[in-house]
Each structure stands twice: as structure tokens, then as C-alpha cells.
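# Working through the structure, step by step
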Amino acid sequence: MSRFGKLLAAMALSVAAPAVTSAQDDGQGFLFNTGLGRPVPALDGRAAGLGGAAIALIGANLSAVNPASLAGLQTMGVWGSIMPEGGTVSGEGVHGDVQSVIFPLGRLAISATRRLTVSVSFGAFLDQNGGVQFVDTLELSTGKVPFRETRQSDGGISKFSLEVASLFGGGLSLGVAAQFYRGETRLIAERAFDEEANFLPARTVAAIDYSGFGFAVGAGFQPIPEMMLGITGSWGSKLALRNDSSEVEGEVDLPLTFGLGGSWQLTPDFLVALDFEWAGWSVANDDVASGAEDTWGLGGGIELRPFGTTPVFVRAGAHLDRFPFKIGGTAPSERAIDFGMGAFMGGGRARIDWALEFGKRGDAATHGVEESFTRLTVSLAVFGN
Amino acid sequence: MTFRPVAALVAVLATGSVACTREEIVSVEPGNAPGETAPTVEALLNTAVIPDWTDTVFSGFSGPSNAGFIAVQESPDLVSHGLFRIGIVRDTVFVTDTFSAVIAYDSARIIATVDANRSDFTDAGITVQLRTVEQDWHNGTATWQLAVDTVGAQVPWTTPGGSFGSVLDEVVVTAADDSVVFELGAATDSLLSIWADTSQANLGLAFVVVDSGLFVTFVPLLVYGTVPELFPDTTVVTASSATERTFVFDPPAPPVPTGVLRLGGVNGFRIYGQLVLGDSILVTGGTGVVAIGGAQINAAQLIIRSLNAPAPPFGAEAPFSSVTFRLAINFDVLGPKTPVAELVEGSDIIIDPDSLVLGSELRIDFTSRLQELADSLDRFGTEIQPQIRFGIRAIPEGSTFGYWEFGSAEGDSALAPILRIILTGATAFGLP
């Protein structure tokens, strides 16, 4: 036997494989690490309280869903939303309380002319924040060594938009947006051993970069002051992916999207809104390990002004959204009921809206995991003269 | 506005809008965790299969003259005589505010602290003599046979073990004594006058055990009275420590047998080793190969295994510490003169003879050294040879008379050294 052969033979005899130190590729999927993550709608607090209906809202529609929504703004304004969320993840052999804070929307709009409005916005698009932890044992020549392993994902993909919206005659408004996708996710795997073993921990970090672009168009039609209808659609390029550590690159097709919505001011103090959205995520089915399906979403709500002409609003709604990336062979969905309030301040120069949602994502029996959540969306807007 | 700062702002906003989150960790069962991470594996690499693992022993890095003690012994196994010099004896003394020449010395005594832990007493105690020395000797090189053993001269003792003269004092040392006092008596003035006169040879003094036992002391102290010329009715007491001290013993330590690694002892035995690792480790169970380059070394140990206690009187009589250091070149080029490099971080261990039996394992931490090697292999690949060169020494050297012995690469494979490595390869994250 050659010297190298003797070395391999002796090493093979003397190397101890641990009992369990790595999970299989088909381990439990979670929303944060399945496909490109969990979609995050670019909503303000008003739309969040109305079941996510934001395509055609009478009154100030600050969400970045329909590029035509800011047509006729007549002023300049800046606003943003923050979305803290807490929940419980549960399933067979799975448990944890999770918390997160996402910034779904930040926007600056300027009325260039009486009819033309320009805006820039940024916000979360796909969220990949989350982590899992487990305890296992390493079997060595000196005995068993317990260890704790943590696998974390920090980051996601954001969307930047440059939008132009214009009013036309007859209650028609049109808008177009150039959209840019940019993001980074840090993947961390850490293994810490029992203190008694006096082993140094093992830690690997990698970063996945994302970039892409797309276009969106939207239209609004307000045939009468008490009714608004809207339609929107978008197209995305291939989303480029790159692992900074291994320099492996890839692409994922972004979907076509389509949305229909409407709102009705049934009385001066009572408004009803409804939205339907569809996205062709099945184009990415072969690009991501989890597979992807087309998605749809349905949401709606009511808005009341209970204190006469005082600009304070109370809202309630519900939504049902299908997510694109599969867990356990099928894509999970999110369903929630929403409650919210809003108010104008300073004679209309500022506005605050908040919404509280109670919902659930996934299904333990189907996907092996489900998440129950409580989500607060708060937005604050400031307008010029 | 240039594009680059805008792109940077976009990147910051992109990260901030999604990454400004605080998430808690979800607990899962080990088999349920998503993704796949690199396994942690153990390799026990013995000397029979690591290419070019060689080791040896060098000595002479210390001696009785720089040991921390003087061993004086009379026993069937070993005879040892202590030698020391008081190098500084004052010939002037400061009285009130005046320097005065010394015209005479009186009441001189040698005070010797007793090392009760290492001394070996009978119930009746040990009778120790303080004697004059009648032949000059070299502190650094004196042995039982040779009074001087330098490069330029080798001068044997007239009487092996030391050519001694008159007995100045004789004291019985017992286990209850913290220190003992030897009086120089009538010889005080003559001896100290010679020692104070640097034109005359200072032959020093000797300790000799008369009956049986082991007397261990440290640095003898001379306390003496001086009579100033200006104040002849006054005696000024002064003290001086021994400036040179050693001990000569017979028989010497036996040669290091083949297949044995010897460490410590008054002669400063050191273990030197060198080995060449492969650049990857084959993992059993069909999980592939784990490369050392780029891996994270969770733990690495050089395991040396004890042999039986050395034959009396050469087994270590007390615990001693050791450290491991790097060697600058292969030890077979310059032997004992191989230049040493920095210490291996965390490599200090305690050799406790009371806890060692045949096969007992001592684990020397090599984690930092292996991680350094893994980092170098990751950075330079096959441009470097994955070689480890090391030396192990007692610290401080000469802290014990006896040494300890371990299995060598050339000896019994069941007692040969082992390199144990626990490592985790780099996890390869894929794209979503």
C-alpha cells in the first residue's frame, strides 16, 4: 500500500463521524428561508386597516401599489410606514416566538404641476429574516459532546420606485413607475459546543446579493366622486443573485402582476374598499429550490368617520393572500383580520394612520409549520402647503 | 450627484428597510433544521501514519548551577554535594556617616533555608556538614568528576565529588526546621579576608550529608560581623547571599533510551518533534473529504503518553510545568542549537508524577497552531507544506531534579504520540 493509501486507511479508521451534525436538505422549510422569502406589501397604515386594499382608494392613497394613486396630489409630501410584528411559530418539533420590525414604505412626492406628480419610494419587497436553533450531540473518542447549532438569515430584497402620475380629464389618472430591486441577505451557521469540552465554536457567514429592475403601470378612474376604480400591472426582469463568498451566480424570473381594485364612499362617513391581485410567480418555479406558484390576494375593508366632520377614521378589514414559494410541496397563505384608525392633523398638513392585524400563515398539517402573528402598521405623513 | 454615492445610499436603504429587524430563534429538532451545514469531525492521527513524524530529546539547557535549589544527598541511589560561593564580602563599612575600612571579621554564619517538601528526613534528622573547599571549581560546569569542564579546560577533582577541607560546622536538620545555621567559628576572619580580597581565589564552601538522607536548600546566606578601623569597639553586622551555587552528583542521569521522550529534570531535557500533515482529512460515512485549509479548528491536541516512572532517584520528585514552542527549522539540522520561535498559545500543562502511570495521557493544546496552519493552507494552498515543528520544555527548567518520560514515535505504537484534531469545514451556502 502506498504511503498515501496507508494514510487514508488509517484516517478512515480513526475518524469519528458525529451522531448528527448537519440537517438534511429536506429539513423543515420556513417562510424566511423558502424561495426568496416572504412578500411584504408596500402599504401605509390606512390600507393595512382596510385589508390591504390600496389599488383605488378615495381620499389620500399613500401606499406604493398603484403608480397612478398620487395623481392630483397638488402638494409635496413625505411619509413612511413601520411594521413591528410578533408571533409564534409552531409545528411538529418546532416552536418559537418571533419578533420583527420592517419598513415597508418610505415615499417622497412632489407636485410638479397641477396634474403631474413625481415620487420616489422605497420599501421592503421580500423578507428573509429568521433563524432556527437546535441541540444535538457529537460522539467523539472522549465521549459525547453536546452542542447548539444556530442557522440564521438576516436581510431580504427591497424595491425602489421612481413614479410619475398624471391627471387627465374625465376622472382618469395614469401612472408609470421604474422599479429597482436591491438587497442582501447574510446567512450565518454557528455551532457552539458545551463549555466543558473547551472547543472553539464553528461559524460560517455568507452574503447573497440581489439586483433587478422592472416597470409598473397603473390607472385610476373616478367616474363620480363617490367611486373610484383602479387597475395596475407590473413586469420584472430576471433577478440576479450572487453568493459573495463562493461567487456563484444565478437568476430568478420576476413575475408579471395584475391588480384590480375599487372603493365606494357610500355615505360621507362610510367607505368600502376591495382589492384583488394576482402575480405569476410560477415563472420562477425552476429557478428556486423550493419551487414557486402563482399567487393571488383578496382584501377589503370599511372605513368610518364616527365623529362627524372631525377627521378621525376607524377601519376594519380582512385579507387572504397566497404566498409564492412552496413549503412541503404547496405554497402557504396568509389570512388576517385588520383594525385601524387614522387622523389628519394640522389642518390636513399631517396624517397618522395605524392598523393592527391578527392572522396566521401556513398550516402545520400541510406545511409542517404555521405562524400566528400580530402585526402593527404605523404610518406618518407630512405635507407641504 | 455622482452615481457611486447614490448607489451606496440605495444599498444602505435596501438593507435598512428589510434588515432593521430583531428576530428570535425558533427551536427545532435536529433533523428538522433547514439547510445543510458542514459536519464536525474528529481525526486521531498517530505517528505510524502521519508522514515524516519524527521526534527526539535534547538536554543541557539547564544544570545544577541554574536550578532553583541545591540538593545534598547521601543514599544508595545517589550521592550529591552542594557547592557555593559568597562573592561579595565587604572590606569597608559605613558607620554613622563615615566609611571605614574593615580590620577584622567575626561571628560569621551560613543560614540555609530548608525545603521541607523535597528534603527527606529520618526520625533522627539528617546530619549535614559545612566544609571548606580546597580546589577551585567552575560553577556552570562542575560535575562529580570534573571541577572545571569548559571549552578551554577540563580539570578533574582531586577527589571525585569535590576536594574538601576542614569541617567548619555540623548540624542535624530535622523536619521541624525552617532553616539551619552553620557557624564558621575560628575560621571566620581568615576565610572572609580571603573572600574580600579579589586577588585571591574564592574556593567557596560545601554542604555534605554525613549519614543518610536528602537535604534540599535554596540560596545560602552569609551573615557576618565587621570591625571598622575607625570604630574598633563596634561590630557592624552585614549579610550577603551566595553568588554562585551548584551541586555535583553521582551517578549522572542515564542516557535516553530509544523510543523514549524525556522531559524536564535538572539537566533540562526537551522534546523536539516535527511532522507533515496532509491537506485534507477523509471522513467516514460517505460524507466526503474535509479540507484542513479553510476549516475551523474546534480543538487540536498533541497527546503524549506517560511511560512508567523513571528509576529512582531520577523520577520527578514534584510536579512541574511545561510549555510548547515552535521551532524555526527542522531540528535535525542544528540539533540542540535549533532556533526556537514563539510559544504555542495555550500549550502549558502540568506534569504531576503522582497522577501519572503507564499510558496516562497528557493533552497539549495545539488549537491555535492548527488553526494557523488551516488559515495558511486556505490562503496559499499547495505553495506551503503543512508542516508542524515543535519543542516541549519544562518551565522553569531545572525546577525539579528528576524528569518524566513518554512514548516516542520510534517506540511502542500504543504509547506513541497522537495528534487529535476536531474540525468543522466551511459550510457552503447555496443560492435560494
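Here we summarise the structure given alongside this text. (Residues numbered from 1 in each chain as written. Chains lettered and ligands numbered in written order. Predicted model: local features only at pLDDT ≥ 70, side-chain atom pairs only at ≥ 80, totals over all residues. Heavy atoms only, no water.)

## Thoughts on the overall build of chain A
The cut-off we apply is this: Helix and strand assignments follow DSSP, with helices taken as H or I runs no shorter than four residues and strands as E runs no shorter than two, numbered in order from the N terminus. Buried, partly exposed and exposed residues are distinguished by accessible area as a fraction of the type maximum, computed with a 1.4 Å probe on protein chains only: under 20%, between the cut-offs, and over 50%, respectively. Whether two residues touch is decided by their heavy atoms; if any such pair falls within 4.5 Å, the residues are in contact. Accessibility throughout is a Shrake-Rupley quantity obtained with a 1.4 Å probe, and a residue counts as covered only by protein chains that appear here. For this count, His and the chain ends are skipped, Lys and Arg are scored as positive, and Asp and Glu as negative. Each charge is placed at NZ for Lys, CZ for Arg, CG for Asp and CD for Glu.
In terms of regular secondary structure, chain A is built from three helices and 18 strands. Overall, chain A is about 90 × 40 × 35 Å in size when its C-alpha atoms are taken along their principal axes. Buried residues in chain A amount to 51% of all 385 residues. Look at the contacts in chain A between residues 6 or more apart in sequence, and 62% of them connect residues 24 or more apart. Of the roughly 16000 Å² of accessible surface on chain A, a fraction of 61% belongs to carbon and sulfur atoms. Both charge centroids of chain A, one from 27 positive and one from 40 negative side chains, sit 4 Å from each other.

## Regarding the overall build of chain B
Heads up, the condition is: Note that the radius of gyration is over C-alpha atoms, with the globule rule given as 2.2 Å times the number of residues to the power 0.38.
Scanning chain B from terminus to terminus reveals four helices and 29 strands. The C-alpha radius of gyration computed for chain B amounts to 31 Å, which surpasses the reference 22 Å derived for 432 residues by more than 25%, pointing to a less compact arrangement than a globule. Judged by the C-alpha coordinates and their principal axes, chain B covers about 100 × 65 × 45 Å. Residues classed as buried in chain B amount to 52% of the 432 residues present. With an accessible surface of roughly 18600 Å², chain B has 54% of that area assigned to carbon and sulfur atoms. Of the charged side chains in chain B, 19 are positive and 48 negative, and the gap between their average positions amounts to 9 Å.

## A look at helix H2 (residues 188-196) of chain B
The line we're drawing: Think of it as the arc spanned by the lines of direction from the helix axis to the C-beta atoms.
Thr188, Leu191, Leu192, Trp195 and Ala196 of chain B are the residues of H2 of chain B that are buried. Down the axis of H2 of chain B, the smallest arc covering the buried residues is 130°, so these residues share one side.

## Thoughts on the packing of aromatic side chains
The geometry of an aromatic ring pair comes down to the distance between the two centres and the angle between the two planes. All names here are of chain B. Formally: Two rings from Phe, Tyr or Trp (for Trp, the six-membered ring) form a pair when their centres are within 6.5 Å of each other. A pair whose planes differ by under 30 degrees is stacked, one over 60 is edge-to-face, and the rest are tilted. For a ring to carry a charge above it, either NZ of a lysine or CZ of an arginine must fall within 6 Å of the ring centroid while also lying within 35 degrees of the normal to the ring plane.
Applying the stated criterion to the full structure yields 29 aromatic pairs over all chains. When the ring of phenylalanine 182 is compared with that of phenylalanine 207, the centres are 5.3 Å apart and the planes differ by 45°; the resulting orientation is tilted. Within this pair, whereas phenylalanine 182 is found in strand S12 (residues 179-183), its partner phenylalanine 207 is found in strand S13 (residues 205-209), the two being separated by 25 residues in sequence. Taken as a pair, phenylalanine 182 and phenylalanine 207 share a single burial class, namely buried. Three or more aromatic residues joined by ring pairs make a cluster, and in this case those are Phe69, Phe247, Phe249, Phe269, Phe314, Phe401 and Tyr403. Sitting over the ring of phenylalanine 269, arginine 262 keeps its end group 4.8 Å from the ring centre. For arginine 270, the ring lying beneath its charged end belongs to phenylalanine 61, and the centroid distance is 3.8 Å.

## What to know about helix H4 (residues 367-380) of chain B
All names here are of chain B. Put simply, the rule is: By definition here, a helix of n residues has an expected span of 1.5 Å times n minus one.
Helix length check: H4, at 14 residues, gives a terminal C-alpha distance of 20 Å against a target of 20 Å (1.5 Å per residue), a fit within 8%. Looking at H4, one finds that the buried residues are Thr367, Arg369, Leu370, Gln371, Leu373, Ala374 and Leu377. Where H4 ends, the next residue or the one after it, glycine 381, has phi of about 60°, a positive value.

## Structural notes on the pairing of strand S18 (residues 369-383) of chain A
All names here are of chain A. Quick reminder of the rule: Paired strands, in this sense, are two strands between which DSSP finds at least two bridges.
The sheet contact formed by strand S2 (residues 77-91) and S18 spans 13 bridges and is antiparallel. From the neighbouring strand, valine 78 faces S18, where its bridge partner is valine 382. The pairing of strand S17 (residues 350-363) with S18 spans 14 bridges and is classified as antiparallel. Considered in S18, the bridge of leucine 356 is made with leucine 376.

## A look at the nonpolar core
As a reminder, the rule being used: Among buried residues, those of type Ala, Val, Leu, Ile, Met, Phe, Trp, Tyr and Cys that are joined through side-chain atoms within 4.5 Å constitute a nonpolar core.
The biggest cluster of nonpolar side chains holds 88 residues, and the ones touching the most others in it are Leu192, Phe215, Leu277, Leu370 and Leu419 of chain B. Considering every element that reaches this core, the biggest residue donor is strand S7 (residues 98-113) of chain B, with five residues. Other than its neighbours up to four places away in sequence, leucine 370 of chain B contacts Leu277, Ile297, Ala300, Ile388, Leu419 and Ile421 of chain B. Ranked by size, the runner-up nonpolar core spans 21 residues in total, among them Ile157, Leu187, Leu254 and Val288 of chain A.

## What about the sheet that holds strand S22 (residues 296-305) of chain B?
Residues and elements named next belong to chain B. The cut-off we apply is this: Note on definitions: angles span 0 to 180 degrees between N-to-C directions of axes, and those axes are lines fitted to C-alpha atoms, for helices only across the stretch in contact.
Spatial ordering of the open sheet is given by S2-S29-S22-S26, a layout of four strands whose pairing is antiparallel. Where the open sheet ends on each side, the last strands, each with one partner, are strand S2 (40-46) and strand S26 (361-365). Shown here is a sheet whose adjacent strand axes are inclined to one another by a mean of 20°, direction ignored. The strands touched by H4 are S22, S26 and strand S29 (418-424); relative to S22, the strand with the most contacts, the crossing angle is about 130°.

## Description of the pairing of strand S5 (residues 79-85) of chain B
All names here are of chain B. Among the seven residues that make up S5, seven are buried, leaving the element largely enclosed by the rest of the structure. Alternating positions in S5 separate into two faces, Val79, His81, Leu83 and Arg85 on one and Ser80, Gly82 and Phe84 on the other, with burial throughout. The sheet contact formed by strand S4 (residues 70-74) and S5 spans two bridges and is antiparallel. Each residue of the ladder has a partner; that of glutamine 73, found in S5, is serine 80. Linking S4 to S5, which pair antiparallel, is a turn of four residues. The pairing of S5 with strand S17 (residues 244-250) spans seven bridges and is classified as antiparallel. Bridging from a neighbouring strand, leucine 83 pairs with threonine 246 of S17. Pairing analysis gives three bridges linking S5 to S13, with the strands arranged antiparallel. Bridge assignment links leucine 83 to a residue of S13, and that residue is alanine 206.

## Details of the side chain of threonine 40 of chain B
Rules: Pairs of N or O atoms within 3.5 Å make up the polar contacts considered here, provided that, within protein, one atom can donate a hydrogen while the other can accept it, and that residues adjacent in sequence are counted only when both atoms are side-chain atoms.
As for its placement among the helices and strands, threonine 40 of chain B is situated in strand S2. Looking at threonine 40 of chain B, its side chain comes within polar contact range of the side chain of arginine 191 of chain A, at 2.6 Å. Of note is the side chain of threonine 40 of chain B, whose polar atom sits 2.7 Å from the side chain of threonine 424 of chain B.

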